[in-house]
Amino acid sequence: MEKNDRISRRHDFFNRYTSQRALKATSNWKMGDDILILRKNNTFRYYSKVFGLVNSGYYTGSYKSENNVISFKFHKNYKPAFFESDTLLVEQKDGFFILKCKKTNNYLVIN
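For every chain, the first residue of the written sequence is number 1, and numbering continues from 1 along that sequence. Totals for whole chains, interfaces and linings use every residue, but because this is a predicted model, local features are given only for residues with pLDDT of at least 70 and side-chain atom pairs only at 80 or more, for both listing and counting. Processing note: side-chain calculations cover all non-hydrogen atoms of the structure and skip hydrogens and water entirely.

A look at unusual backbone geometry
One non-glycine residue, lysine 76, lies in the positive phi region at around 55 degrees. Strands are runs of DSSP state E lasting at least two residues, helices are runs of H or I lasting at least four, and both sets are numbered from the N terminus onward. Note on placement: lysine 76 falls in the loop between strand 5 (69–74) and strand 6 (87–93). Lysine 76 sits in the exposed class, given a relative accessible area of 66%. For asparagine 77, which is not glycine, the phi torsion reads 55 degrees and is therefore positive. Note on placement: asparagine 77 falls in the loop between strand 5 and strand 6. Each residue is assigned to one of three classes by its accessible area relative to the maximum for its type, calculated with a 1.4 Å probe on protein chains only: buried under 20%, partly exposed between the two thresholds, exposed over 50%. A relative accessible area of 55% places asparagine 77 in the exposed class.

As structure tokens, this is what we get:
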């Protein structure tokens, strides 16, 4: 795990064990999964798993939800490249609720 991922993970240590999960969304791709977990104390973690085992990217921070838009504030502004606008839109697609980036085709399916 690279240095910025380790710093984010350490920053998120207490939130992982003290706050319940409010929502989980995933995106499956050929080599692994991206997972976003929103917690009831308005914190989140976003991480990738390659081959289901290896963490490859770990991002944390806080979020705010208004109507169908979720806004994110990343710890030390360390974020994935596709989070250009720091917001995700909640939409319905093919009977599933998804979180979608405004400017790209990236999305996560809400479990």
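Details of the packing of aromatic side chains
Between the rings of Phe, Tyr and Trp (Trp by its six-membered ring), a pair exists once the centres lie within 6.5 Å; its type follows the angle of the planes, with under 30 degrees stacked, over 60 edge-to-face, and the other angles tilted. Tallying each qualifying case throughout the model produces eight aromatic pairs. On the numbers, 5.2 Å between centres and 85 degrees between planes, the contact of phenylalanine 44 with phenylalanine 74 is edge-to-face. A residue pair is termed long-range when its members are at least 10 positions apart, and phenylalanine 44 in strand 3 (residues 43–50) and phenylalanine 74 in strand 5 qualify at 30 residues. Per residue, the accessibility class of phenylalanine 44 equals that of phenylalanine 74, and both read buried. Through a chain of ring-to-ring contacts, the aromatic side chains of Phe13, Phe14 and Tyr17 assemble into a single cluster.

This is a description of form; function is not addressed.
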